[in-house]
Amino acid sequence: MIEESYDTKTFVFGWNEEVRPGQFVMVWVPGLDEIPMSVSGINARTKSITVKAIGEATRKIHELGVGDRIRIRGPYGNGFDLSRGEMLVVGGGVGTAAVIPAIVQSGADAIIAARTKDDVIMDDLARRYSKDLRIATDDGSMGFHGNAVQLMKEMAAEKRYDCVLACGPEVMLYFTYKACQDLGIGCQLSMERYMKCGAGICGCCVMDDMRVCKDGPVFDERQIPLLTEFWKSKRDPCGRIVSLR
Amino acid sequence: MVSLIAKVGALSFDKPGMVASGIMDETGQSMVRMLGCGAGAVVSKSVGMKPNEGHANPCFTETEGGMVNAMGLPNPGIELFEEEMKVAVPHGKIIGSIYGSGPEEFGALAGKMEDYGACAVELNLSCPHAKGYGMEVGTDPRMVRDIVSAVKSAVDIPVWAKLTPNSHILADIGMAVQEAGGDAVVAVNTLKAMVISPEFARPVLSNRFGGLSGKVLKPVGVRAVYDLRTVLDIPIVGVGGISTWRDAAEYIMAGASAFQVGSAVLTEGPCVFECINEGLEAFMHDYGYGSVSAMEGAAHERGGRSNRECDRGVLRHQDVRVRME
């Protein structure tokens, strides 16, 4: 167990399953909601999840200690394609956890963005692998003063990238996509929607006709224009449309 | 020339496979996508009178050869479902699945589905994990008769009843559907099942039990269709564990006029329909079945093929295996 920040912890567990960067697992602790979590660390015999305490289930997971049990099923989803030339990896907030394995395996340039220096997570780990890691904070308390997309545009002006990989709040992903369009470069964005089965059967996590759990969670620049619900609306557990803006 | 057209009573489908209820069919666009994947029709998510979140997670888990779910009938309610139907109906045949607590609700829901453009309604008399609905109303032949009668008088489109395998009186329930004027039965829904975590010493699903689907369910479903065929005159739509053309052929030979695919959309992907269609067409060509209806019920003694033909079939099958090895 690793304390990443005042509200975020990484839990390492023994698990031999093969996992690709960007894939996720369904995590269950008895008596609580089962939730999708990105795999934030991939070793042969161990994997990890990084949990920000925001709801009932995540707060209870934070109470777990070494030796306590959780149930994992998966891995699910497609994951990132790490063969897309010169890449820039962007993590926003706790979404950083989902892109850490991509940084570790590719060594690519990276941005970790957060509201304040206290919210920056996993930067020590990322620095060991990334060729060029930069930090952005909204209040300027650490690294670049501004958001992830502003820093991304600066870095893209310095160097030529072929593809941006990102995970974070949907608004950040939306403007990352817009910036990539303007720059004429590819992007792969890891999306999030309410999930039940996680395995591609119930259809409750769809964006348009794409299942975030199975066709995603990573969508690229060819698919994103077809996702009309991106940064517009999501579905609640009943399947009703809820506006995002 | 082999035709894959499937007739279920008055309805005709270009392809014999449909997407089973509960699979990629909660939203209009998901249904459109599945219609584009070689499915002859899509059966909608089961829709009730009011929005329903379904059971809390975990509501799904894989198991050996299949999966167990207790979604708990999540749906946006019949009023909002109009929007989803508007998107899907122009693209192909949508069968509206509905669930209610009794004849009145079923009648009202069916009327709405007809208004929305459904080509038939499928009555969910078989969900094993929703209190007061599904198999709780679908295992009493008298209740089934009342519900089917009520829906028949409420709509003009065909009325299908989806039955549960969790009953020792399946034939009686099928007869109740037929006697009440039902146009077809759909067999089978999932088998009531449970998965326990030994480490946590408790059931995994929040609802404790759920419904077993996937490959493991196939022989159960094939037997149910076979038995129903011996007592019913109305068409049967086979469903339960179909993922290959062989599975589909088994159901058709047991007596199904068409079939539905559910869990295999997960294991094989949405393209499962195209694979089944291709395989079925090749099999029908090789074994001289010109149409789905010519194959329907072929495994029954009265409709079965001569021993000589069967022997030849077995030999040819073995030939293929030998070549493959």
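Residues numbered from 1 in each chain as written. Chains lettered and ligands numbered in written order. Predicted model: local features only at pLDDT ≥ 70, side-chain atom pairs only at ≥ 80, totals over all residues. Heavy atoms only, no water.

## Quick notes on helix α6 (residues 170-179) of chain B
Residue and element names in this part refer to chain B. Spelled out, the test is: Exposure is judged per residue with a 1.4 Å probe applied to protein chains only, and the accessible area is read against the type maximum: over 50% gives exposed, under 20% gives buried, and values in between give partly exposed. Secondary structure is summarised from DSSP: a helix means a run of H or I of at least four residues, a strand means a run of E of at least two, and numbering begins at the N terminus for each. By definition, residues are in contact when any of their heavy atoms lie within 4.5 Å.
Considered for burial, the residues of α6 that qualify are L170, I173, G174, A176, V177 and Q178. If you follow the buried residues of α6, they end up packed against α4 (135-138), α5 (141-154), β9 (159-163), β10 (184-187) and α7 (218-231). Immediately downstream of α6, the backbone of G181 shows phi near 95°, a positive value.

## As for the sheet that holds strand β5 (residues 60-63) of chain B
All names here are of chain B. Under the convention used in this document: What makes two strands pair is DSSP finding at least two bridges between them. Fitting a line to C-alpha atoms yields each axis, with helices limited to the stretch in contact; the angle taken between N-to-C directions then spans 0 to 180 degrees.
Taking strand neighbours across the sheet as the criterion, the four strands line up as β5-β6-β14-β11 in an open arrangement whose pairing is antiparallel. Each edge of the sheet is formed by a strand with only one pairing partner; in this case those strands are β5 and β11 (191-194). Taken pair by pair, the neighbouring strands of this sheet meet at an average axis angle of 40°, ignoring direction. When β5 meets strand β6 (residues 66-69), the two strands line up antiparallel, connected through four bridges. Bridge pairing in β6 links F60 to N69.

## Here we look at the packing of aromatic side chains
Heads up, the condition is: Classification of ring pairs rests on two measures: the distance between centres of Phe, Tyr or Trp rings, Trp counted by its six-membered ring, which must be within 6.5 Å, and the angle between planes, read as stacked under 30 degrees, edge-to-face over 60 and tilted in between. Two limits define a charge over a ring: the Lys NZ or Arg CZ must be within 6 Å of the ring centre, and within 35 degrees of the ring normal.
In total, this model carries 11 aromatic pairs over all chains according to the counting rule given. Taking 5.0 Å as the distance between ring centres and 85° as the angle between the ring planes, the aromatic pair formed by B:Y99 and B:Y133 counts as edge-to-face. Of this pair, B:Y99 sits in the loop between β7 (94-98) and α3 (103-116) while B:Y133 is found in the loop between β8 (120-124) and α4, placing the two residues 34 residues apart along the sequence. Of the residues examined, B:Y99 reaches a relative accessible area of 5% and is grouped as buried. Their ring planes at 25° and their centres at 6.1 Å tell us that B:F283 and B:Y289 sit as a pair that is stacked. One exposure class covers both B:F283 and B:Y289, and it is buried. Three or more aromatic residues link up through ring pairs in this structure, and these residues are A:Y174, A:F175, A:Y177 and A:F230. Looking at A:R245, its charged tip hangs above the ring of A:Y174, at a distance of 5.9 Å from the centre. Taking the ring centre of B:F13 as reference, the NZ or CZ of B:K93 above it sits at 5.8 Å.

## Overview of the domain arrangement of chain A
All names here are of chain A. Under the convention used in this document: Throughout, the edges of the domains are those of an automatic or database domain assignment. Buried area adds together the accessible area that both of two parts lose upon being put together, with accessible area traced by a 1.4 Å probe. Each reported salt bridge corresponds to a side-chain nitrogen of Lys or Arg within 4 Å of a carboxyl oxygen of Asp or Glu. Nitrogen and oxygen atoms within 3.5 Å of one another constitute a polar contact, given that in protein one can donate a hydrogen and the other can accept it, and given that sequence-neighbouring residues count only through two side-chain atoms.
By domain assignment, chain A separates into domain 1 (2-76) and domain 2 (87-243). Taking the mean C-alpha position of each, domain 1 and domain 2 sit 19 Å from one another. On the side of domain 2, 21 residues touch domain 1, which itself brings 20 residues to the contact. Both sides together, the interface formed by domain 1 and domain 2 hides about 1,600 Å², and carbon and sulfur atoms give 62% of it. On inspection of domain 1 and its partner domain 2, the count reaches zero salt bridges. Where domain 1 packs against domain 2, one counts two residue pairs in polar contact (both at pLDDT 80 or more).

## Examining the side chain of A:T10
Positionally, A:T10 belongs in strand β2 (residues 8-14). Polar side-chain contacts of A:T10 include one of 2.5 Å to the side chain of A:E4.

## Observations concerning the nonpolar core
How we decide: What we call a nonpolar core is a set of buried Ala, Val, Leu, Ile, Met, Phe, Trp, Tyr and Cys residues that are connected through their side-chain atoms within 4.5 Å.
Judged by nonpolar contacts, the single largest core of 141 residues is most densely connected at A:M191, A:F230, B:M113, B:L123 and B:W160. Counting 23 residues, the second largest nonpolar core, distinct from the first, contains A:V89, A:A97, A:V99 and A:I135.

## Concerning the interface of chain A and chain B
Reports of interface size often rely on the accessible area that becomes lost once the parts have come together. Counting residues at the interface gives 34 residues for chain A and 37 residues for chain B. Of the roughly 2,900 Å² buried between chain A and chain B, counting both surfaces, carbon and sulfur atoms make up 57%. Contact with chain B buries area across many residues of chain A, yet A:K196, A:I201 and A:C238 alone supply 22% of it, more than any other trio. Where chain A meets chain B, there are two salt bridges. For the salt bridge of B:E84 with A:R235, the shortest nitrogen-to-oxygen distance reads 2.7 Å. The interface formed by chain A and chain B includes 13 residue pairs in polar contact (both at pLDDT 80 or more).

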